[in-house]
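Understanding the architecture of this molecule
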Amino acid sequence: RWRMMSRMLARTSFVFTVSQGSKQFLIDHIGLSLSRIAVIPNGVDIKRFYPLAKASSHQQYNVGTLGSLTSVKNQVLLVRACHRLIQEGINLRLEIAGEGPERSTLEDLIKSLGITGKVQLIGQIADTPAFLRKLDVFALPSDSEAHPNALSEAMACGLPCIASQVGGIPEIMDQGRAGMIFTPRDEKGLADGLKTLLLNQ
């Protein structure tokens, strides 16, 4: 795959990518020169994704994520982090939107942790803005990302967000000034960040 990509990119006169992180990857791992690469980040349709005022008693917090159910998205980490908070007595509900090969793994984990009533795999969704607006916090625990649309859309909806420090995520979150960033695969770091965002609304 790498050889095929290298051969294909070697024939191009110029390459556009979606983040500084992916640009640096092309330089370091594919060998493209800096002068042949430019960045055009993914955009957000702000006519669809925008904040709405909502009343909430916060008797139960709603945490959510959106993405394919694949190992690289690491929803397993998010389930475990939410389990930590539930054990601490925080009343939360986690909704995971998306489909993929990790569904059975997630189902087994949720059952083994005894949190079936607190975590729901809701599958594919037709109305992404509506899903995002019912959340209190959006989380993206991925092990790898370029410039994730789901995170940008959640931020455009005015959601407090926490995401792993990979790929273009630090750029989207202004190096942690526009949201919380945690070390990839750090279950406690994710749980602590979620707790801070949930309890300070």
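Data block above holds the structure.
Residues numbered from 1 in each chain as written. Predicted model: local features only at pLDDT ≥ 70, side-chain atom pairs only at ≥ 80, totals over all residues. Heavy atoms only, no water.

With respect to the pairing of strand β3 (residues 61-66)
Under the convention used in this document: Under the scheme applied here, a residue whose accessible area is under 20% of the maximum for its type counts as buried, over 50% as exposed, and between as partly exposed, the area being computed with a 1.4 Å probe on protein chains only. Helical segments are the DSSP runs of H or I of at least four residues, strand segments are the runs of E of at least two, and each set is numbered from the N terminus. Strand pairing follows a simple DSSP-based rule, namely that at least 2 bridges must link the two strands. Seen with its strands pointing away from the viewer, a crossover is right-handed when the path leading from the first strand over the helix to the second is clockwise.
Most of β3 is tucked away, with five of its six residues classed as buried. In this structure, β3 lies alongside strand β4 (residues 92-97), joined through six bridges in parallel fashion. The residue of β4 that forms the bridge with Leu66 is Ala97. With helix α3 (residues 75-87) bridging β3 and its parallel neighbour β4, the resulting β-α-β unit is right-handed. Both β3 and strand β6 (residues 137-140) contribute to a ladder of two bridges, which runs parallel. Note that in β6 the partner of Val63 across the bridge is Val137.

Concerning the sheet that holds strand β5 (residues 119-123)
Going by this rule: Axis geometry follows a simple rule: fit a line to the C-alpha atoms, using only the stretch in contact for helices, then measure angles between N-to-C directions, giving values from 0 to 180 degrees. Should any heavy atoms of two residues lie within 4.5 Å, those residues are counted as being in contact.
Spatial ordering of the open sheet is given by β5-β4-β3-β6-β7-β8, a layout of six strands whose pairing is parallel. Each end of this open sheet is capped by a strand with a single partner; those strands are β5 and β8 (180-182). The average undirected angle you get between the axes of adjacent strands in this sheet is 20°. Where β4 lies against β5, four bridges are found, and the strand directions are parallel. From the neighbouring strand, Glu95 faces β5, where its bridge partner is Gln120. Set on the sheet, helix α8 (residues 187-199) makes contact with β3, β4, β6, β7 (161-164) and β8; between it and β7 the angle comes to about 170°.

Observations regarding helix α2 (residues 20-30)
Heads up, the rule is: Each C-beta atom gives one direction from the helix axis, and the arc is the one those directions make.
Three or more residues of α2 are buried, namely Ser22, Lys23, Leu26 and Ile30. All buried residues of α2 project into a common sector of 110° when viewed along the axis, lining one side. Facing away from the buried surface of α2 by more than 90 degrees, the exposed residues are Asp28 and His29. Trailing α2 by a residue or two, Gly31 shows a phi angle of about 90°, which is positive.

Describing the pattern of salt bridges
Condition: Here, a salt bridge means any Lys or Arg side-chain nitrogen found within 4 Å of an Asp or Glu carboxyl oxygen.
With the rule as written, the count across this model stands at 10 salt bridges. Among the salt bridges present, the one from Glu187 reaches Arg84, with a minimum N-O distance of 2.8 Å. Remark: Arg84 occurs in helix α3 and Glu187 occurs in helix α8; sequence separation between them is 103 residues. Overall, the relative accessible area of 21% leaves Glu187 in the partly exposed class. Each of Arg93, Glu95 and Lys134 takes part in salt bridges that share partners, so that together they form one network.

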